[in-house]
Structure formats: structure tokens, C-alpha cells
Amino acid sequence: MVVTARKRLLQMHFESGVGHIGGNLSCLDAIMLTHHEYIGSEDRFILSKGHSAGALYISLWSLGRLSDDMLKKFHKDDTLLAGHPPASGIKDILFATGSLGHGLSLAAGTALALQLKGQNGNVYCLTSDGEWQEGSTWEAMIFAAHHRLNNLTILVDHNNLQGFGRTHDVASMSPLAEKLSGFNLDVQRVDGHDLATIRAALDKSSDICRVIILETTKGRGVSFMEHRMEWHYLPLNVEQYHQAIKEVEAK
Amino acid sequence: MRKQFCDAMVTRSVNPDMVFFTGDLGFMALEPLQQALQDRFINAGIAEQNMVSVAAAMAREGFEAWVYSIAPFCYARPFEQIRNDVAFHNLPVKLIGNGGGYGYGVMGPTHHAIEDYGVLLTLPNMHVFVPVFDEDVEAVVTRAGDLKNPAYLRLGRGEIPTGYAVPMYAPWRQLTQGDGMVVIVAGPIAGTYIESFQSLPEAVRPNLWIVTELPLEHNPLPDSLIKQISAVRGLCVLEEHVRRGGLGSELALLFLEKNMKVGTFHHLYASAHHYATYGSQNFLRAQSGIDVKSVMAVVAPQLLEN
């Protein structure tokens, strides 16, 4: 199923001629897994790294909640599927994210709201690693830890690459897991492409807010994209697209 | 107005869907509300960006979310959170800025809020309330609270002449009548003009109006005001807000769009965040030329010359 999703993600970006592929591929496994196995009607998902909207759209498509026709209009005029998640129009997307450092606060507020309402749902929030450079992300983390939001799970797509450099060269928080462990959070670090390991981390319950740091590879599954910063931006040409599909199918 | 605000909110707190956030402010003022709301009163700490987004998310989940801070920390620091998370989703988050305008006086320019409603009115779905009198606060809290849209309340300090009977709340009210200029004011500073205007002879006494809700698309000018403006005896707009984006430019645009002739148009406004030296709210008003003396020079210049 993840292979199908990976192919459809590449196809959608190829057909629309747009980039941001690398960071979509790094988090696709986790978004697919959470959406297919963990996020039910009571739960909420908030994509703080809004530039991975493609991976979210594909996951919703794989669940039958977005149509092929909608994917075909990705990034085009008169679409609901903009480069970053829309403010309204798609039931499963609660907030227009895209400016980094907002999603975790939105997730914390949602988690607190569910608790005050006495509802059972869990909130899942996917952040990038670079967005931990935003002060507001730390504000949100302090809030989530302080209020012991045990219905909130923070997933970090730790692909080590950001817009214009390697995260540890730009403004390092390395090792992030150790930094976060200094707060009252349940921090786990897992291989972000090993579904069994992510599952085990998600299955471990806690009475405080959980953080799962997903060690991931930007451009995962396509050899010429892996660990390469330019695939934060570049669209695929025809040869690259066929090569990428071939590689994904071979895995 | 903090006392009146707290009282109004305590009354409103019977609504189980109400949540209240403060950015670590409200000591010696909001304790009764904290008592009333219990776990629905949340001191979010000194982290206004997070506070606004958390409130947006709670509004998204059906809560009536209120956010309180000193005015600049309420809208300037978390502006992007207000724009993206509140306004883009048209969520009914109510932002309360205490001490708007030069309210924090000698505390210095970091604590002034003289571009607050101008900035916020650039956002979609945003409503602004600027109560003039302490007595307005209860009505304003109800009107803002019942809105299904985001709103900003600029709280100040009611300033009325001794013994003055405050007229019942309405989004437009006329405070003095005469055959002079039309004067339109936003904010409690209006109260400081009443006595001086009343002392003027009828021939030059201004028709003083206050407006407490913006933008004007949702709060059109009353017919009686339009009639007075049509007499073309000149018009003066006053506000404790910078020149751009405030009531003055809003009205000027409206007059042009409606092809209304107003005669001489004056706009008196908060002219700077700080001057060479610091001082109280009244000192800063005088520096800006919006104190009583400066206003009298505009509305009744002939009397001053005599």
C-alpha cells in the first residue's frame, strides 16, 4: 500500500510539475501508517509541516476521501489541493498550515479541547525537524508538557535537511531527542521507515504527551533524491519520473 | 475597564463552552473570573503565539475562546497566529487588549498599542470594538461574545466629566449637539472633550459622535449623522491610533466612495510611538495634538484667537 502511495505521490507531483517531493517522501510512511491504522473518527491529525501537503493528500486519497480528479488538480487553478493544506473544504484537514511553528499549538489546543469536552480522541501532529528552530514550536511543547496532554502525539520527521542546508549546519538542535527529553515528555526515537517499529512506538501508551522522533531520509525510495537538498524544491522531468517509479516498484 | 470586563465575563462564564486564556496578566483584576471558570481559565504563560493558536484550535472544537493580554502583546506579537489560525478559518476567538492607545503611558512605547485596530482590520472576518465608557463594557462583551467571527476589544479607561450621565450603549452615539463642526471619535478620549464642547456657544458647538464598532461595513453611519455632515460645516476625526489604517482613513474612503462632501476634513491622531521624552497618557496625547486644547483649536479656532 505504501508503494502505491509513493507512486501516486510521484505521479501527482510530476503531472503538476511541482517540487517539495523530498520532504513528502520522508514522512509518507508515517502519515500512511497513522491514517490507515490509528486515526479514527474521534481522532485528529494536524500537519504542522504544511509543505508535505502532498503526502497528506495521497493518504486521504488512499482512504477514498479524496478522488483521483481532485489529485489531478493538485497545484492547479481552482483547486482545493494547494501547495499547503487548505483552510476549508476538506473535512479531514482542520487547519491551513504552511507557516512553520503553528501546527503544534493547534494540536495542543485541539487535545486540550477534547480533554475538556471529556472526549476520547487522540491528536497526532507531524512536525518537521527544521521547524523546531521556530520559537513558537517550543512554546507549544512547553504548553503540551505542562498540561500533560496525554492524548497528543508529536511526530517529528527528522530528515536532517532543511531549506538551505543541513539542519545541524544551519541551527543545530542535535541531538533533538536529548533536548526534548529534558522536558516532561515521553520521547521515543525510531526508524521512520520501519512500519513495525513506528507501530510499536505508537502502541506504547503514556500518561504524558508523547514525542516520536522518526529518523527519516529525505527523498526516501528514490536513489537520486535521497539526502539531497535540491529535492526540497525541484520538479521531476520525464526521465527522472520514470526512473523514480521504477525504483519505487523494485522495493 | 478591567473591573467591568471581569464582571461581565463572570456573568458570561455560566456558558460551559467558554474558555479564557491570559498571557500571565490580570493580577489583582481577573481573580474572580479565575474562580468562576476553574479549569477553563488558563494562564498560558508568557507565550502569546502559542496562546492564540491554542485558542483558535479550541474555537475550532466548539469553545468560545477569549484571549487576554496587554494590548500590544495581544495583537502584535502573535499577528501571524491571528491571521493564519484565527482569521483565515473565521474562528470566533475574542482578543482582549488591555490599555489600548497610550494607555500604558510612561511604561514606554513597547507597551503602547496605537496601530492595533488598524492592523487587525486588514484581516478577513475581523470585528473591532473600542468601548468609550466603562459602562459600555458589559454590552461590548455580549456583542463580541455572541459573534460567530473573530473580534478584538480594545480596553482603556473611561474618562467622563463628574456627574455625566453615560448614554446607553449603541455602536454610534451623539454626545453633544450644536451648529458647529462634526467631530467623530473612537475610544475613551472622547470623554475628555465633552465638558469643553458643552461650554461652547451653540453656533460653534460641535456635533460630537462616538463610534465603538468597526469596520464600518458592519456599522454604517446613522442617517442623522449623515445629515449633519451634509451641512458641510467641516469634519474632524479623532483617535488614539496612528494615521494609517484607523478610523480617519476608513471614513475618508467611505466619504469618497459615497461622494459625500464634508467640507474641511481634519484628522487628529496618535502621531508617534515615542517622543524625545516619556510621559503619561495625557502627556502623550498632548504631544500628539489630540488633547482637549489641540482639539479646541480645531473646532473653535475663532474663540481661541479672541
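Residues numbered from 1 in each chain as written. Chains lettered and ligands numbered in written order. Predicted model: local features only at pLDDT ≥ 70, side-chain atom pairs only at ≥ 80, totals over all residues.

Chemist: What am I meant to see in the overall build of chain B here?
Modeler: Scanning chain B from N- to C-terminus turns up 13 helices and 12 strands. Over its C-alpha atoms chain B spans a radius of gyration of 19 Å, differing by no more than 12% from the 19 Å that the globule rule assigns to 306 residues. Judged by the C-alpha coordinates and their principal axes, chain B covers about 60 × 40 × 35 Å. Residues classed as buried in chain B amount to 49% of the 306 residues present. The contacts of chain B with a sequence gap of at least 6 include a subset with a gap of at least 24, amounting to 75%. (Helix = DSSP H or I, 4+ residues; strand = E, 2+ residues; numbered from the N terminus. Rg over C-alpha atoms; globule rule 2.2 N^0.38 Å. Buried ≥ 20, exposed ≤ 12 C-beta atoms within 10 Å, placed from the backbone. Contact = placed C-beta atoms within 7 Å.)

Chemist: Looking at this model, I keep getting lost on the interface of chain B and chain A. Mind explaining?
Modeler: In many reports, interface size means the accessible area that the parts give up when they come together. On the chain A side, the residues contacting the 20 residues of chain B number 21 residues. Of all the secondary-structure elements, those providing two or more residues to the side of chain B that touches chain A are helix 3 (48-60) and helix 5 (79-87) of chain B. No other element matches the nine residues that helix 3 of chain B contributes to the side of chain B that touches chain A. Here the side of chain B that touches chain A is composed, by residue class, of nine nonpolar, six polar and five charged. (Nonpolar A, V, L, I, M, F, W, Y, C, P; charged D, E, K, R; others polar.)

Chemist: Is there a simple way to explain the sheet that holds strand 11 (residues 235-239) of chain B in this structure?
Modeler: Strand pairing in a sheet is mediated by backbone hydrogen bonds. Such pairs are either parallel or antiparallel. All names here are of chain B. The strand order across the open sheet built from five strands is 7-9-8-11-12, with neighbouring strands paired in mixed fashion. Strand pairing shows two members of the sheet lacking a second neighbour, strand 7 (172-176) and strand 12 (265-268), which therefore form its edges. Between one strand axis and the next, the sheet turns by 20° as a mean value, whatever way the strands run. As paired strands, strand 8 (residues 182-186) and strand 9 (residues 207-211) are joined by four bridges and run parallel to one another. Bridged to V183 within strand 9 is L208. Helix 10 (residues 247-257) contacts strand 8, strand 9, strand 11 and strand 12 of the sheet and is inclined by roughly 150° relative to strand 11. (Pairing = 2+ DSSP bridges. Axes fitted to C-alpha atoms, helices over the stretch in contact; angles between N-to-C directions.)

Chemist: Can you walk me through the nonpolar core in this structure?
Modeler: In globular proteins that are soluble, nonpolar side chains generally tend to be buried together. Counting residues in each nonpolar core, the largest one holds 165 residues, and the members touching the most others are A:A108, B:F21, B:A55 and B:V67. Of the residues that make up this core, three or more belong to each of domain 1 (2-155) and domain 2 (172-301) of chain B. If we ignore the near neighbours within four places in the chain, the residues touching A:A108 are A:A140, A:F143, A:A144, A:L149, A:L152 and B:V54. (Core = buried A, V, L, I, M, F, W, Y, C linked by C-beta atoms within 7 Å. Domains from an automatic or database assignment.)

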